[in-house]
Amino acid sequence: MTAKNRICLWYDGTAEDAANFYATVFPDTRVDSVQRAPADYPDGKQGNVLVVEFTVMGIECIGLNGGPQFPQSEAFSFQVATDTQEETDRYWNAIVGNGGAESMCGWCKDKWGLNWQITPRALTDAMANPDRAAAKRAMEAMMTMRRIDIAAIEAAVKG
């Protein structure tokens, strides 16, 4: 059954490619359906892929091939909680290594412009540490990183 509320992501003709890529990278991710335009529309022709319904790590999404008018921005991102450095590296390398780009503090962008936060639980735990000096050290360490280094965050917490 389709959820009443889903995330709609705007793509410039590449929604199917993006959804297929996500399905190869993330668990509990799949392409649910591909709908073709029943008629011509401003940025496409009848028969072009118009809508792709897909699920990313259990979150139902719609990829709309709406054209170039509205590119992705950092105003929306998926935040993926990771448990190990290997998992963190795997997701990071898949996104960045497939035409994406690194940013700071665990953020990266895929080749379709969608932003991802690959965030180890060790980091979120460190930032919530009741020892506010330890949390401050963890944040200061994070601010120097692109991909999050769990060992460095843990070392910062210890002081």
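Glancing now at unusual backbone geometry. At aspartate 28, a position not held by glycine, the phi torsion is positive, near 55°. Among the structural elements, aspartate 28 can be located in the loop between α1 (15–25) and β2 (30–36). At methionine 57, a position not held by glycine, the phi torsion is positive, near 50°. Secondary-structure assignment places methionine 57 in the loop between β3 (49–56) and β4 (59–65).

Backbone hydrogen bonds are what pair the strands of a sheet, in a parallel or an antiparallel way. Spatially, β5-β8-β7-β6 is the arrangement adopted by the 4 strands of the open sheet, whose pairing is mixed. Of all strands in the sheet, those with a lone pairing partner are β5 (77–82) and β6 (101–102), marking the two edges.

Our next topic: the side chain of serine 77. For serine 77, the position within the fold is in strand β5. Among the polar contacts made by the side chain of serine 77, one reaches the side chain of glutamine 117 at a distance of 2.8 Å. For serine 77, the residues in contact, after removing those within four places along its chain, are Trp107, Asn115, Trp116 and Gln117.

Calculation notes
- Residues numbered from 1 in each chain as written.
- Predicted model: local features only at pLDDT ≥ 70, side-chain atom pairs only at ≥ 80, totals over all residues.
- Heavy atoms only, no water.
- Helix = DSSP H or I, 4+ residues; strand = E, 2+ residues; numbered from the N terminus.
- Pairing = 2+ DSSP bridges.
- Polar contact = N/O pair within 3.5 Å; in protein donor to acceptor, adjacent residues only side chain to side chain.
- Contact = heavy atoms within 4.5 Å.

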